[in-house]
Amino acid sequence: MKDQSYKNHIRFYPPHHFVYYPIIMAFLSFSIYFAFTTADVLLWSFISAIFVVLFCLAFMLRQHYALTLQNRIVRLELRYRYLAVTGNRLELIEDTLDDSQLFALRFAPDEELAALTQKAVTENLSGDTIKKSIKNWKGDYERV
């Protein structure tokens, strides 16, 4: 498995990103084309609307459940790691960090976690800035 870094940490799900979505977009394009070039404008407009709904539903459902669970697991892991590294509970300062900051901290190795967390709290660093500040990237290879 390739080492993970800031530049390559985004992950694609090929069946959705490279099969389902292109097929839905092609069908949507054809239905819009037929809506403008045939006499059955209402029928093809309705079919186009169905493809738009299918696209939106697939996108929302695919990500909603997985991301909700993933976010919860990342929080729990970060709380555990912070406690193990510092001896203090992350919950005491967790409310001062937003989701993007917390999720960025998961890429910090144990050696950098405490200092980077304090810096994020005191300087209100963005999630992207936190990720760029990590010297020894800790890959998250199990996320969905």
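Use the structure listed above.
Residues numbered from 1 in each chain as written. Predicted model: local features only at pLDDT ≥ 70, side-chain atom pairs only at ≥ 80, totals over all residues. Heavy atoms only, no water.

Caption draft 1: Representation of the side chain of Gln4. Tracing the chain through its elements places Gln4 in the segment before helix H1 (14-37). Accessibility expressed as a relative area gives 11% for Gln4, which makes it buried. From its side chain, Gln4 meets the backbone nitrogen of Asp140 in a polar contact 2.7 Å long. When neighbours within four sequence positions are excluded, Gln4 is seen to be in contact with His9, Phe107, Trp137, Gly139, Asp140, Tyr141 and Arg143. (Helix = DSSP H or I, 4+ residues; strand = E, 2+ residues; numbered from the N terminus. Buried < 20%, exposed > 50% of the residue type's maximum accessible area, 1.4 Å probe, protein only. Polar contact = N/O pair within 3.5 Å; in protein donor to acceptor, adjacent residues only side chain to side chain. Contact = heavy atoms within 4.5 Å.)

Caption draft 2: Broad picture of the environment of Phe103. Residue placement: Phe103 occurs in helix H4 (residues 99-105). Residue Phe103 is classed as buried on the basis of its relative accessible area of 15%. For Phe103 and Asp128, which are 25 residues apart along the polypeptide, the C-alpha to C-alpha distance reads 10.0 Å. The contact partners of Phe103, leaving out residues within four places of it in the chain, are Asn71, Val74 and Arg75.

Caption draft 3: Representation of a nonpolar patch on the surface in the model. Taken together, the side chains of Ile10, Phe12, Phe18, Val19, Ile23, Phe27 and Phe30 make up a nonpolar region of the molecular surface, amounting to roughly 760 Å² of accessible area. Following the sequence through the fold, Ile23 ends up in helix H1. The class of Ile23 is partly exposed, set by a relative accessible area of 42%. (Patch = residues over 30% accessible without salt bridge, like charges linked within 9 Å, V, L, I, M, F, W, Y side chains within 5 Å. Areas by Shrake-Rupley, 256 points an atom, 1.4 Å probe, with all protein chains shown as cover. Salt bridge = Lys/Arg side-chain N within 4 Å of Asp/Glu carboxyl O.)

Caption draft 4: Spotlight on the nonpolar core. Grouped together as the largest cluster of nonpolar side chains are 19 residues, with contacts concentrated most on Leu105 and Ile130. Breaking this core down by element, the ones donating at least two residues are helix H2 (41-86), H4 and helix H5 (110-123). The element that contributes the greatest number of residues to this core is H4, accounting for 4 residues. For Ile130, the residues in contact, after removing those within four places along its chain, are Gln101, Ala104, Leu105, Leu116, Ala120 and Leu125. (Core = buried A, V, L, I, M, F, W, Y, C linked by side-chain atoms within 4.5 Å.)

Caption draft 5: Focus on the packing of H2 against H5. In the contact formed by H2 and H5, the axes pass within 9 Å of each other and the chain directions differ by 100 degrees. On the basis of the axis angle, H2 is roughly perpendicular to H5. Each of Leu78, Arg81, Tyr82, Val85 and Thr86 in H2 lies in contact with H5, whose residues at this interface are Asp110, Leu113, Ala114, Thr117 and Gln118. Tallied by class, residues from the contact of H2 with H5 come to 5 nonpolar, 3 polar and 2 charged. (Axes fitted to C-alpha atoms, helices over the stretch in contact; angles between N-to-C directions. Parallel < 35°, antiparallel > 145°, perpendicular 65-115°, else oblique. Nonpolar A, V, L, I, M, F, W, Y, C, P; charged D, E, K, R; others polar.)

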